[in-house]
Structures are given as structure tokens and as C-alpha cells.
Amino acid sequence: MTDVSADELVVTGAGVVTPWGDSPEAAAAAGGMPMADAGGWFDYRDRLGPRGYKYLPAAAQYALAAARGALADGGRPDVVPADRRGLLLATNAGLAGLFDVMDATVAESGATGISPASAPYFAVNVLGNRLAGELALNGFALTVATARTAALDALSTAAVVLTSGRVDTLVLAATEDPVPESRGGGGEQGAVVLTLETPAGARSRGSAVRATVRVRSLFVPPAALADRAGRARAALALTTKLAELTAPGDRPVGLHLDLDGSPVAEAVVSAVAARRPIPPGGAPLTDTPEHPGLGPAVDAAPRIGCLGPALAVAHAVTARDGGSRLIVCATGAGHVALVRISPVTVPSTPPASAEPPHRTQESEHAEVA
């Protein structure tokens, strides 16, 4: 029998910042999309302070503001030493606009024309540096940029990092900023931050827990779906991973799917429909827009950004209906992530309040062959 709790995580705080508001429910309904004509929706002076933040990339500002929301919600990375705290950052296009500006500057006047304020952000993996510095997340840092599934892949990595004992608490941030019009536009805007621990660690520290999380991340090569044998292997891999997120006697779960119209997405649809516990009376299979045969949200073209799935997680973590949710994301490139969010029925006692640290300076992966 599979021990479904061996890699379980707990969420102790959740923060959301989007043009649609900071409510996870409202933000998740918008799916991370920018709001038309919402030019002044975010003012760093109100959100972060008047000094030290003006020249940060917008995606870094969003992540810092969402992190403050997660701390206010109960996240307490400071209950462990700085070298026992870590950061996982997920983004697809968080620095796309700044990269375009840098490229244009270099082409026109050379590298010496790049502003000293923006020069540190020459690579996507430094987007989280300011967040790591302010919260003293000194024990571990990793940026995940997988198209669309980055935030959920980061959750999968978090399970490995925490259960292996590399750190005791993690801050996971997913942040995006719209793609410049010169590249075709689109994308997402805002940030989600979750504070994560192991169940045992949260109990020992008296952390208040919002929800438990189990996650699986896997790769389904699109070419494997070209013949019947490959489709059978893909179905077996998917149903095995789905089974690892459930246990005998589980209640039916709400379903949120973030898919494109690819053969990989269709394979995921079939596996979820075959595996998911269905309540009596023909209750809906999904809480996302209707799709023929199952009902998941399906985009005709790939979405740019990882914020939509991250917002679905934040909504599931903070939902007041008491129901578990299964969040599934799959892309035509073969990346699949499965996340089970379960509410905590008996919250633990939080530690005595204290000011959070503040500084002004700056998988598991299975392949279907």
C-alpha cells in the first residue's frame, strides 16, 4: 500500500496580490489574467514602503507584497534559524519586459547603458533575491520556470526539500508580469506566496495550519501518445500518480483543471475521469468551465505564465467550504502536475505573535517512455 502522507506538506500562510484584488477566490476566478485599464492597481509605496523599492522589477514587487500577505495570514518562516529557511520561486515571464529593455539598451548604447538598479536582474533566477534577503531565506534557493506548471512543480520540489530535511520551512512564490506587446502581449499579472512546512515540523513549532498538500509532477512525452501501447503506458503512469494522492475511503474532491487542447491534456482528462471519486447523484466533476466529456478548463492556445495554477492552489488552501480539491495542470509539451489540497479540520495553536523579519537591502519526475 502506498503511504500517501510520507511526502505531505502543510501550508501555514497564503498571500495573493493581483489586479482583481487580494482575495484568493476572486483572483483565482480571474485566472491570473491582467485587468484592462487597471494601470494604477499596484503602488509600491502603499504596499511596500516609500524607499528602497522603486527600481525593483514589478514581479519582484508583487512577490514581496504577497509575501507580506502570507506572513499576515500566519506564515512564520522566522521561527527557525535563517539557514533553515528556503525559497522556491516560480515564474515564466516575470522579467520578460525588463529583458526587452536591457536588450534594446545594449543594442543601442552597449552594456554600459544598463541602469545599475536593473543590472542585477540580468537572469531569471535572481528575481527572488530581494525576497530572500528581506526574509533571510538563507538555507536553500531555487527558481522554477517550467511553462505553465512552474508553481506546481515548485510544490513538488518543496516536498523533496522539506521531507529530506534540507530546510525546516520554505517560502514558495509564484509571480508574473505581462509579456511586452512587442512579443505579442498576453501573460499574467500578480503573485502568490505560500509558507510551507512538514506536518511534524508544524506540530513541533505550534504553527497554525491552513491545509495539507500532496503533489506529483511527471512528464508524458507527446510522442508516446502516437500509438496504443504508448497511450496505455501514459494512462498507467497517470492513474498511478493519481492513486498516490488518494486513499481508501476518501471523500470526493472538487476538481480544478488547467489544460490546453493537446493530446497530453486529453490523456490527463481520461485518467482523471477514470480515477476521481464521483459523488452519488451525478454531481459536477469540476469547478472550472465546462469541457466536453469532463468539464476542465481548456485553452485553445498555451497560456503564458504559471500564476493561474498557483492561484487555484491559494484558493483551495483558503476556501471555507471544507472540501478537498484536486488541481491538475498539463501542457502540450508533456508537463503534468497534480496537487491534492485537503482542509485541516482541527487547527493547531499558533505561537505567540512576533514581528516578522524585515530588511531593506537587498521531483519527483516520472517519464513515460
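Residues numbered from 1 in each chain as written. Predicted model: local features only at pLDDT ≥ 70, side-chain atom pairs only at ≥ 80, totals over all residues. Heavy atoms only, no water.

Visitor: Explanation requested: the overall build of the protein chain in the structure shown.
Guide: When its secondary structure is counted, the protein chain shows ten helices and eleven strands. Looking at the protein chain residue by residue over its 369 residues, the buried ones come to 53%. Looking at the protein chain as shown, the accessible area adds up to about 15,900 Å², and 55% of this sits on carbon and sulfur atoms. (Helix = DSSP H or I, 4+ residues; strand = E, 2+ residues; numbered from the N terminus. Buried < 20%, exposed > 50% of the residue type's maximum accessible area, 1.4 Å probe, protein only. Areas by Shrake-Rupley, 256 points an atom, 1.4 Å probe, with all protein chains shown as cover.)

Visitor: Looking at this structure, how should I read the pattern of salt bridges?
Guide: Charged atoms that come close allow side chains of opposite charge to pair. Tallied over the full model, the rule gives 15 salt bridges. Put simply, aspartate 168 and arginine 84 hold a salt bridge, and the shortest N to O gap is 3.0 Å. With aspartate 168 in the loop between α6 (150-163) and β4 (169-176) and arginine 84 in the loop between α3 (58-72) and β2 (85-90), the pair connects residues that are 84 residues apart, well separated along the chain. Take aspartate 168: its relative accessible area is 25%, and that puts it in the partly exposed class. (Salt bridge = Lys/Arg side-chain N within 4 Å of Asp/Glu carboxyl O.)

Visitor: I would appreciate a short explanation of the packing of helix α8 (residues 228-244) against helix α9 (residues 263-275) in the present structure.
Guide: Axis angle and axis distance: for two packed helices, these are the angle between their axes and the distance between the axes, and together they describe the pair. The N-to-C vectors of α8 and α9 enclose an angle of 45°; their axes lie 9 Å apart at closest approach. Relative to α9, the element α8 is oriented oblique. Two packed elements cross with a definite hand, and for α8 against α9 that hand is right-handed. Contact with α8, carried on its side by Leu238, Thr239, Leu242 and Ala243, involves Ala267, Val268, Ala271, Val272 and Arg275 of α9 and no other residues of that element. Taken together, the residues of the contact of α8 with α9 sort by class into seven nonpolar, one polar and one charged. (Axes fitted to C-alpha atoms, helices over the stretch in contact; angles between N-to-C directions. Parallel < 35°, antiparallel > 145°, perpendicular 65-115°, else oblique. Left-handed = near helix turned anticlockwise from the far one by under 90°. Contact = heavy atoms within 4.5 Å. Nonpolar A, V, L, I, M, F, W, Y, C, P; charged D, E, K, R; others polar.)

Visitor: Hey, could you run me through unusual backbone geometry in this one?
Guide: If a residue is not glycine, its phi is most likely negative; likewise, a peptide bond is most likely trans. Positive phi, normally seen in glycine, also occurs at alanine 136, with a value near 55°. With respect to the helices, strands and loops of the structure, alanine 136 is situated in the loop between α5 (129-134) and β3 (140-144). One non-glycine residue with positive phi stands out, namely arginine 148, at about 70°. Looking at the secondary structure, you find arginine 148 in the loop between β3 and α6. Given the relative accessible area of 4%, arginine 148 is considered buried.

Visitor: I'm lost on the nonpolar core in this one. Help?
Guide: With 43 residues, the main nonpolar core has Leu155, Leu170, Leu196 and Ile341 as its most contacted residues. With near-sequence residues (within four places) excluded, leucine 170 lies in contact with Gly86, Leu87, Leu88, Phe140, Ala158, Val161, Leu162, Leu194, Thr195 and Leu196. (Core = buried A, V, L, I, M, F, W, Y, C linked by side-chain atoms within 4.5 Å.)

Visitor: Just checking my understanding: could you explain the confidence of the model for the protein chain for this structure?
Guide: Across the protein chain, the average pLDDT comes to 85, with 83% of residues at or above 70. Confidence over residues 277-298 falls short of pLDDT 50; this stretch has 43 contacts with residues more than four positions distant or in other chains. (pLDDT = per-residue confidence, 0-100.)

Visitor: Quick question: what am I supposed to make of the side chain of threonine 175 here?
Guide: Note that threonine 175 resides in strand β4. The class of threonine 175 is buried, set by a relative accessible area of 0%.

Visitor: Honestly, the side chain of glutamate 8 in this entry has me stumped. Any pointers?
Guide: Relative to the helices and strands, glutamate 8 resides in the segment before β1 (9-17). For glutamate 8, the side chain forms a polar contact with the side chain of arginine 214, separated by 3.4 Å. Apart from the residues lying within four places of it in its own chain, the contact partners of glutamate 8 are Thr198, Pro199, Thr212, Val213 and Arg214. (Polar contact = N/O pair within 3.5 Å; in protein donor to acceptor, adjacent residues only side chain to side chain.)

Visitor: Sorry, what's going on with the pairing of β2 here?
Guide: Consecutive side chains along a regular strand alternate between the two faces of the sheet. With respect to burial, β2 is a largely interior element, six of its six residues being buried. Pairing of β2 with β4 involves six bridges; the strand directions are parallel. By the bridge assignment for β4, alanine 90 is matched with alanine 174. Strand direction decides the pairing type here: β2 and β3, joined by five bridges, are parallel. (Pairing = 2+ DSSP bridges.)

Visitor: I keep staring at the environment of isoleucine 341 and nothing clicks. Help me out?
Guide: With respect to the helices and strands, the residue isoleucine 341 is situated in strand β10 (residues 335-343). Classification of isoleucine 341 by relative accessible area gives buried; the value is 1%. If we ignore the near neighbours within four places in the chain, the residues touching isoleucine 341 are Ala211, Thr212, Val213, Val313, Ala316, Val317, Ser324, Arg325 and Ile327.

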